[in-house]
Amino acid sequence: MLQRIRQAKPEVTPLPEIPGFAVPAEVLPILFKENSEKLGSRVLLTASKLNLKEQVLQLFPDAKKIASPLSEVDTTVDLGDISDPHELADIDVAIIRGQIGVAENGAIWVDEQDMQHRVLPFITQHLVILLSQDKLVYNMHQAYAKTQVDQTGFGVFIAGPSKTADIEQSLVIGAQGPRSLTVILD
Amino acid sequence: MNQHAQKAAAFIRNAERTRWHDDALWMVRSKRDTATHDIPEWEQLRELGSLVKNNVLSKLDEYLDEFEANAQKNGVQVHWAADAEEHNRIVHDILAKKKIARIVKSKSMLTEECHLNEYLIEKGIEVIDTDLGERIIQLKEEAPSHIVMPAIHLKKEEIGALFHEKLHTEKGASDPQYLTESARQHLREKFLQAQAAVTGVNFGIAETGGVVVCTNEGNADMGVHLSPVQIHCMGIEKIIPKAEHLGIFTRLLGRSATGQPITIYTSHHHRPKPGGEMHIVIVDNGRTDQLGRKDFRNSLKCIRCGACMNTCPIYRRSGGHSYGYTVPGPIGSILTPGKDLKKYSDLPFASTLCGSCSDVCPVKIDIHAQLYKWRQVIAEEGHLPAGKKKSMQMTSWLFARPKLYRMAGKWGRRMLRLLPKGLIYNRFNTWGRDRDLPEAPKESFQEWYQKNRRS
Amino acid sequence: MTVGLFIPCYIDQFYPQVGIASLELLEKLGCEVVVPAGQTCCGQPMANTGCEQDARKNYTYFVEQYKDFDHIVMPSGSCTYHVRKHYDIIEQNEDVRRVRQNTYDISEFLLDVLKIKSLDSQFPHTVGLHQSCHGLRGLRLGTGTERVLPQESKLKQLLGMVKDLQLVALERADECCGFGGTFAINEPDISVRMGLDRIAEHEAQKVEVITAGDMSCLMHLEGLLKRQKKPIVVKHLVEILNHTEP
């Protein structure tokens, strides 16, 4: 196959330079919140008087199974005990910390280490992502510059709760993945 | 025999439904417009995307080599498939080795193109398509009509009836929320029971050996992370040089496809999960042939966003099924003639060459120019409908003889003025079925000019 | 300035008034206009059907007819586009190159070469502009709603110079009319449907006259309007620009 390609391919054309597209830093959290909410997320900007555990309980009063690799969260499930991802099927709320937030679209980069189990942010009914405001960048070019995508075996940009519009273009939030995404900017 | 024209005529006979279909897709085009206007540098971004893809095609073998080496370093098994048959065999072998009987699959036009589902099902493997739109058409036993929104041609009542029959939802229920929830529960079972997951690939990164899969539903990830075996099927043209180029393509893809600034999930898979297997199947299936066609190789830049379909006034009024191939619409019409010139000879003519597709294409594929060029190839190879070439040759001949042309014009107009309408508007007069012919003036412009200006 | 005027075959035969209006307008604006007696067709109908090899003789014939003019002008975006873009298959000698570079659609000629800033015309009617595709996206006579660039339109600019003309805004400002040359016969059902949809939009805006830079689009729309017995009429852009008495 490579041989066929070598015969078929055209003259080499060079790669372009990618210019920097900039935006002032103060604008980022507001822009992030706006764009994140457009894709269906709930974004909590202001610092809460409650600690994280209390916040989670307030947001999800009916949650029975809460899972998180973060020590500051009171979990009902110990992720360290889990070896088979199928055991996570009944998780109600998962809480993880994100590495980078992208203001132009509300996407957050998380990798394998942030979630401990790759399926966690997808299989949970509700997802909460903590994100530090100083980890916000404007666009995807800057996001990719700040991360190494193969640092771990799996990484993902999550930009909202799972959704679909496959039935007559009607938007439905909560398709196969989480029914909601709550972003807490701390 | 113009397949597209016939199928389109059948589609359009239901005027109400055609309006609904046209409006639905125009709305997606409008959403695309809104999203792209949010980025003042949009046209610059398109140019960047185009240049990167041009570079990729010009060094495709090098990038694929680099990709394979890096993937293998990561513990990923890389396979090469020359054609659809080999692709299917490879996927099956991976599954058979582990005696796998149940798999889940996320959206992949490549696997559609190779007819993977049929192949595996025939060998006794349960294949569940997990993208909601794909699952719907799988249950309905139909082909997708759009590459991004496979069930766009179906009304919610029809889907409701389908789900009632196959998933035992309430009779008469058509609320999309309710239907989606039912599908969620049904598919969740399937994810948990699957023994392997197959996905497509949006972008393969040469620099790192990883693959990027974009979804809104999260279905690809649900499948991949729950099964011990994950298989990613990739066309050779999906390669991009470096991770930094994803900055360009992730900004282009979502906005062009559905008007979202990004897909909800942009997953980067590099290494198998602990205790798991990760496979990448790299597929040719005619792509190297297309690469060798100077006039048409740019069609390989396609990132499968579907924007060209949403904007095409013909696609919107005829539906994806009228194209007769996995990938329909404008991009389909420049990819398919390369596969079977005779069979798909009608597709480049299913267009007015309006050029809207080329202007929405995020990677600047000159679609309408390629449609024009395919027409020339089709005519040269003798695949025009009977008599067409002859009549064109005659017209060309006539136009090269001004005196004859003028006489033909004069007599033609005279006929139109004198003959009874019933004779003019006969069944051979295709134009005349729904349109009046223009008035035939006594004097042509040239006659007027010679009389009034040249003395 | 001497201008070689090219009148497309279907305008010559069916819409001579458009040719006359083009001639008169250019003369009014100070041009000496010549129409070669032997001119016939630019070759587009054949080429669009895939028979560009057969049309080569029509291309060289066109060049032969017009090679001595500094400017070649035609009231047709699609013919202009065809000469500029598709005459690349014949040998590119000096004459061919010059003809291709100096062929203009009348709208761009008026604005970019003659650089007119005003017109002595009036047309007190509600007008809908149909943005013919080859002129719009081929010649870039306008931006096109697909592109994220300042929205400009040469045709709109010219219509803006006509006194008492009311131009309406359309929701789908530049969707194709469905003519497409050979398409109108190959796929008549879609062609007709597209045309009717365009007409419906103009009707919704209470348009009296639909105008465009290409008579082929208007021929298609007019055919539908007449069959449907609708009162909307069509006029080529130059007919409006050349219109002086109310």
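The structure presented is a predicted model; accordingly, all values stated were derived computationally and were not measured.

Cut-off values and rules
Counting restarts for each chain, with residues numbered from 1 along the sequence as it is written. Naming scheme: in the order in which they are written, chains are lettered from A and ligands are numbered from 1. Under the rules for a predicted model, residues below a pLDDT of 70 receive no local features and side-chain atom pairs below 80 are neither given nor counted, while totals for whole chains, interfaces and linings still include all residues. Side-chain numbers here rest on the full set of heavy atoms in the structure, without hydrogens or water. Residues are treated as being in contact if the distance between any of their heavy atoms lies within 4.5 Å. Known as pLDDT, the predictor's confidence for each residue is given on a scale from 0 to 100. Salt bridge, as used here, is a side-chain nitrogen of Lys or Arg placed within 4 Å of a carboxyl oxygen of Asp or Glu. Put simply, DSSP H or I for four residues or longer makes a helix, DSSP E for two residues or longer makes a strand, and each gets a number counted from the N terminus. Here's how the labels work: a residue is buried when its accessible area is under 20% of the maximum for its type, exposed when over 50%, partly exposed in between, all with a 1.4 Å probe on protein chains only. Here an angle of 0 to 180 degrees is reported between the N-to-C directions of two axes, which are lines fitted to C-alpha atoms, with helices fitted over the stretch in contact. Roughly parallel covers angles under 35 degrees, roughly antiparallel covers those over 145, roughly perpendicular covers 65 to 115, and oblique covers all other angles. Just so you know the grouping, Ala, Val, Leu, Ile, Met, Phe, Trp, Tyr, Cys and Pro go in nonpolar, Asp, Glu, Lys and Arg go in charged, and all remaining residues, Gly too, go in polar. Buried area: the sum, over both parts, of the accessible surface (1.4 Å probe) that disappears when the two are put together. Nitrogen and oxygen atoms within 3.5 Å of one another constitute a polar contact, given that in protein one can donate a hydrogen and the other can accept it, and given that sequence-neighbouring residues count only through two side-chain atoms. Patch rule: a residue counts if its relative accessible area is over 30% and it has no salt bridge; like charges are joined within 9 Å, and nonpolar side chains (Val, Leu, Ile, Met, Phe, Trp, Tyr) within 5 Å. With residues, only the protein chains shown are counted as cover, and all accessible areas are computed by Shrake-Rupley using a 1.4 Å probe. By the counting rule applied here, Lys and Arg register as positive and Asp and Glu as negative, while His and the ends of each chain are not counted. To locate a charge, take atom NZ for lysine, CZ for arginine, CG for aspartate or CD for glutamate. For two strands to pair, DSSP has to find at least two bridges joining them.

Sorting the two pairs of chains in contact by contact count puts chains A and B at the top. Taking C-alpha atoms only, the smallest gap left between chain A and chain C, which are not in contact, amounts to 17 Å.

For chain C, the mean per-residue pLDDT works out to 96, and 100% of the residues sit at or above 70. Predicted complex, confidence summary: ipTM 0.96, pTM 0.94.

Time to look at the pattern of salt bridges. All names here are of chain C. Counted according to the given criterion, the structure contains 51 salt bridges over all chains. Between Asp 112 and Lys 154 there is a salt bridge, and its shortest N-O distance comes to 2.9 Å. You can see Asp 112 sitting in helix α7 (residues 106-113) and its partner Lys 154 sitting in helix α9 (residues 154-159), a full 42 residues away along the chain. The buried category is assigned to Lys 154, whose relative accessible area is 19%.

Quick look at the environment of Ala243(B) now. Mapping Ala243(B) onto the fold places it in the loop between β8 (239-240) and α12 (246-257). Among the residues examined, Ala243(B) registers a relative accessible area of 10% and is labelled buried. Residues within four places of Ala243(B) in sequence aside, it is in contact with Tyr144(A), Val149(A), Ile205(B) and Glu207(B).

This part takes up the packing of helix α1 (residues 3-13) of chain B against helix α11 (residues 188-204) of chain C. Two numbers describe how α1(B) lies on α11(C): the axes approach to 8 Å, and their chain directions differ by 50°. Overall, the two elements α1(B) and α11(C) adopt an arrangement that is oblique. Residues His4(B), Ala8(B), Ala9(B) and Ile12(B) of α1(B) form the contact with α11(C), whose participating residues are Asp189(C), Ile190(C) and Arg193(C). The residue inventory of the contact of α1(B) with α11(C), partitioned by class, reads four nonpolar, one polar and two charged.

Our focus in this paragraph is the interface of chain B and chain C. Across the boundary between the two partners, chain B contributes 83 residues, which contact 76 residues of chain C. When chain B packs against chain C, the two sides together hide about 6,800 Å² of surface, and 55% of this comes from carbon and sulfur. If you sort the residues of chain B by the area they bury against chain C, Tyr372(B), Arg435(B) and Phe445(B) come out on top, with a joint share of 11%. One can count 12 salt bridges joining chain B with chain C. The shortest N-O distance in the salt bridge between Arg433(B) and Asp189(C) comes to 3.2 Å. The interface formed by chain B and chain C includes 43 residue pairs in polar contact (both at pLDDT 80 or more). Ranked by residues supplied to the side of chain B that touches chain C, first place goes to helix α2 (residues 15-37) of chain B with 11 residues. When the residues that make up the side of chain B that touches chain C are grouped by side-chain class, the tally is 36 nonpolar, 22 polar and 25 charged.

A cluster of basic residues, Lys410(B), Arg414(B), Arg417(B) and Lys442(B), forms a positive patch at the surface. Structurally, Lys442(B) is set in the loop between α21 (421-424) and α22 (445-452).

What follows concerns a nonpolar patch on the surface. Residue and element names in this part refer to chain B. Taken together, the side chains of Trp 397, Leu 404, Met 407 and Trp 411 make up a nonpolar region of the molecular surface, amounting to roughly 430 Å² of accessible area. Tallying contributions element by element places helix α20 (residues 402-418) first for the nonpolar patch, with three residues. Mapped onto the elements of the fold, Leu 404 is located in helix α20.

Next up on the list: the interface of chain B and chain A. Each partner contributes to the interface: chain B provides 97 residues, whereas chain A provides 66 residues. Our count for the contact surface shared by chain B and chain A stands at three salt bridges. Between Glu181(B) and Arg179(A) there is a salt bridge, with the nearest N and O atoms lying 2.7 Å from each other. When residues in the side of chain B that touches chain A are grouped by element, the largest group, 12 residues, is from helix α10 (residues 176-193) of chain B. When the residues that make up the side of chain B that touches chain A are grouped by side-chain class, the tally is 46 nonpolar, 27 polar and 24 charged.

A pair of packed helices is captured by two measures, namely the crossing angle of their axes and the spacing between those axes. Residue and element names in this part refer to chain C. Two numbers describe how α11 lies on helix α12 (residues 215-227): the axes approach to 10 Å, and their chain directions differ by 80°. Judged on the interaxial angle alone, α12 and α11 are roughly perpendicular. For the pair formed by α11 and α12, the contact residues are Ser 191, Val 192, Gly 195, Leu 196, Arg 198 and Ile 199 on the first element and His 220, Leu 221, Leu 224 and Leu 225 on the second. By residue class, the composition of the contact of α11 with α12 is six nonpolar, three polar and one charged.

Turning next to the sheet that holds strand β5 (residues 126-130) of chain C. Residues and elements named next belong to chain C. Read across the sheet, four strands follow the order β6-β5-β7-β8 without closing on themselves; strand pairing throughout is parallel. The two strands at the open ends of the sheet, each matched to only one other strand, are β6 (166-167) and β8 (233-236). Two elements, β5 and β6, share two bridges in a ladder whose sense is parallel. In the sheet register, Val 127 faces β6, and the bridge partner there is Leu 167.

Take unusual backbone geometry next. All names here are of chain B. Unlike most non-glycine residues, Lys 99 shows phi in positive territory, near 55°. In this structure, Lys 99 sits in the loop between α5 (84-97) and β2 (102-105). If you check the backbone angles, Arg 304 has positive phi at about 60° while not being a glycine. Classification of Arg 304 by relative accessible area gives buried; the value is 16%.

Residues and elements named next belong to chain C. Taking strand neighbours across the sheet as the criterion, the four strands line up as β2-β1-β3-β4 in an open arrangement whose pairing is parallel. Both outer strands of the open sheet, β2 (32-34) and β4 (103-105), are each paired with one neighbouring strand and no more. When the angles between neighbouring strand axes are averaged without regard to direction, this sheet yields 35°. Here strand β1 (residues 2-5) runs beside strand β3 (residues 71-74); their pairing, made up of three bridges, is parallel. Among the inter-strand pairings, Gly 4 is bridged to a residue of β3, identified as Ile 72. Across the face of the sheet, helix α2 (residues 16-28) comes into contact with β1, β2 and β3 while running at roughly 175° to β1. Across the face of the sheet, α7 comes into contact with β1, β3 and β4 while running at roughly 100° to β4.

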